[in-house]
Amino acid sequence: MLCYLGALSSPWLLGLTGGWYLITRPLVSGMLVGIILGDIKTGIMIGVAVQAVYIAMVTPGGSMPADLNFVAYPAIALGILSGKGPEVAVALAATIGIAGTILFNMMMVLNSFWNHRADNALERGDERGIYLNSAIWPQATNFILRFVPTFIAVYFGAQYISGIMDSLPAVVLSTMNVLGGILPAVGIAILLKQIHQRLQHVDLLSGGLRLHRFS
């Protein structure tokens, strides 16, 4: 439900203010997911790490490189359930976030269908049809595409994720740990690049963070 309430097109929590820009921030969602799963400390730790990766992400016109909503909820939940630490959780979040864009684009395509039906209802003077196709059915579509995948991933994935992670070769887990450690530095570097004019300082900071990670 939180995944739906925090979606970019969900209007219920004061629109984008309480949804997309509040409970969909990984720092906040990590705490909420941690409360639900009974591990607040791990939830916050993973939330902080994931937040650093996406701290500079913007979504102009609904265009997004990764669906932060799926990063904030199913990904962080699976990261906690995996028991492998924030680094592996960050790698999982990056993968699931990119996959989430497929569902987001699917929702946009389906919404164009509802918009077309609303236009037809307008031409007929059908007020009920306008309301259903501009408000109810688009939100129902959004709910299904958010709630169902999240529920399936967390409810059924909980019993498998730990075993799957344990069965992975050591080199795969090591790679995920390394990538999970680097990605937050990349996110911070992107943010600094946006706000700082002297790019060489950003390069030095990014390089220092990488050296710290491998030291």
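Per an unreviewed UniProt entry, the protein goes by the name Sorbose permease IIC component and belongs to Enterobacter cancerogenus. Note on the protein: under the UniProt heading Subcellular location (unreviewed entry), the record states "Cell membrane".

A. A look at the overall build of the protein. Counting secondary structure elements, the protein contains nine helices and zero strands. The order of helices and strands in the protein, counted from the N terminus, is α-α-α-α-α-α-α-α-α. Within the protein, the proportion of its 215 residues that are buried is 40%. Considering only residue pairs separated by 6 or more positions, the protein has 71% of its internal contacts joining residues 24 or more positions apart. When the accessible surface of the protein is totalled, it reaches about 11600 Å², and 69% of it is carbon and sulfur.

B. Region of the structure containing the packing of helix 4 (residues 40-53) against helix 5 (residues 68-82). Helix 5 packs onto helix 4 with a crossing angle of 125° between their chain directions and a minimal axis gap of 10 Å. When the interaxial angle is binned, helix 4 and helix 5 end up oblique. Between helix 4 and helix 5 lies a crossing of right-handed hand. In this structure, helix 4 contributes Thr-42, Gly-43, Ile-46, Gly-47 and Val-50 to the contact, and helix 5 contributes Val-71, Ile-76, Gly-79 and Ile-80. Its residues placed into classes, the contact of helix 4 with helix 5 shows five nonpolar, four polar and no charged.

C. Highlighting the packing of aromatic side chains. Scanning the entire structure with this criterion turns up seven aromatic pairs. Centroid distance Phe-147 to Phe-151: 5.8 Å. Interplanar angle 20°. Geometry classified as stacked. One end of the pair is Phe-147 and the other is Phe-151, both in helix 7 (residues 127-167) and four residues apart, which spans about a single turn. Its relative accessible area of 30% is what places Phe-147 among the partly exposed residues. Aromatic rings pair up to connect Tyr-4, Phe-143, Phe-147, Phe-151, Tyr-155 and Phe-156 into one cluster. For Arg-25, the ring lying beneath its charged end belongs to Trp-20, and the centroid distance is 5.6 Å.

D. Here's a closer look at the UniProt feature "transmembrane region" (unreviewed entry) in the protein. In the numbering used here, UniProt assigns the "transmembrane region" (unreviewed entry) feature to residues 20-40, 52-76, 88-110, 143-162 and 168-192. Helix and strand shares over residues 20-40 are 81% and 0% respectively, and the end C-alpha atoms of the span are 21 Å apart. Between the C-alpha atoms that bound residues 88-110 there is a distance of 34 Å. The span itself is 100% helix and 0% strand.

E. The arrangement of helix 3 (residues 26-37) in detail. With twelve residues, helix 3 ought to run about 16 Å at 1.5 Å a step, and its terminal C-alpha atoms sit 15 Å apart, in line with that. The complete set of buried residues in helix 3 reads Pro-26, Ser-29, Gly-30, Val-33 and Gly-34. Within helix 3, the buried residues cover an arc of 140° as seen down the axis, which keeps them to one side. In the core, the buried residues of helix 3 are packed alongside helix 2 (19-23), helix 4 and helix 5. Of the residues one or two after helix 3, Gly-38 is the one with positive phi, at around 80°.

Procedures and definitions
- Within every chain, residues take consecutive numbers counted from 1 along the sequence as written.
- Local features are withheld for residues below a pLDDT of 70 in this predicted model, meaning they are given only at 70 or higher, and side-chain atom pairs are given and counted only at 80 or more; totals for whole chains, interfaces and linings count all residues.
- Side-chain measures here rest on the full set of heavy atoms in the structure, leaving out hydrogens and waters.
- UniProt positions are given in the numbering used here, feature names are shortened, and annotations may be inferred rather than shown by experiment.
- Runs of H or I in DSSP of at least four residues are treated as helices and runs of E of at least two as strands, each being numbered from the N terminus.
- Burial classes: relative accessible area under 20% of the type maximum marks a residue as buried, over 50% as exposed, and values in between as partly exposed (1.4 Å probe, protein chains only).
- A contact between two residues is defined here by any heavy atoms of the two lying within 4.5 Å.
- Note on areas: these come from Shrake-Rupley sampling with a 1.4 Å probe, and a residue is covered only by the protein chains present in the view.
- Each axis is a line fitted through C-alpha atoms, and for a helix only the stretch in contact is used; angles between axes span 0 to 180 degrees, taken between their N-to-C directions.
- Any angle from 65 to 115 degrees is called roughly perpendicular, while one under 35 is roughly parallel, one over 145 is roughly antiparallel, and all others are oblique.
- Crossing handedness is defined as follows: a turn of the near helix away from the far one that is anticlockwise and smaller than a right angle gives a left-handed crossing, while the clockwise case is right-handed.
- Ten residues, namely Ala, Val, Leu, Ile, Met, Phe, Trp, Tyr, Cys and Pro, are considered nonpolar, four, namely Asp, Glu, Lys and Arg, are considered charged, and the remaining ones, Gly among them, are considered polar.
- Whether two aromatic rings pair depends on their centres lying within 6.5 Å, for rings of Phe, Tyr and Trp, where Trp uses its six-membered ring; planes under 30 degrees apart make the pair stacked, over 60 edge-to-face, and the rest tilted.
- Only when the NZ of Lys or the CZ of Arg is both within 6 Å of the ring centre and within 35 degrees of the ring normal is a charge said to sit over the ring.
- Multiplying 1.5 Å by the helix residue count minus one yields the expected span of that helix.
- The arc in question is the one traced by the directions running from the helix axis out to the C-beta atoms.

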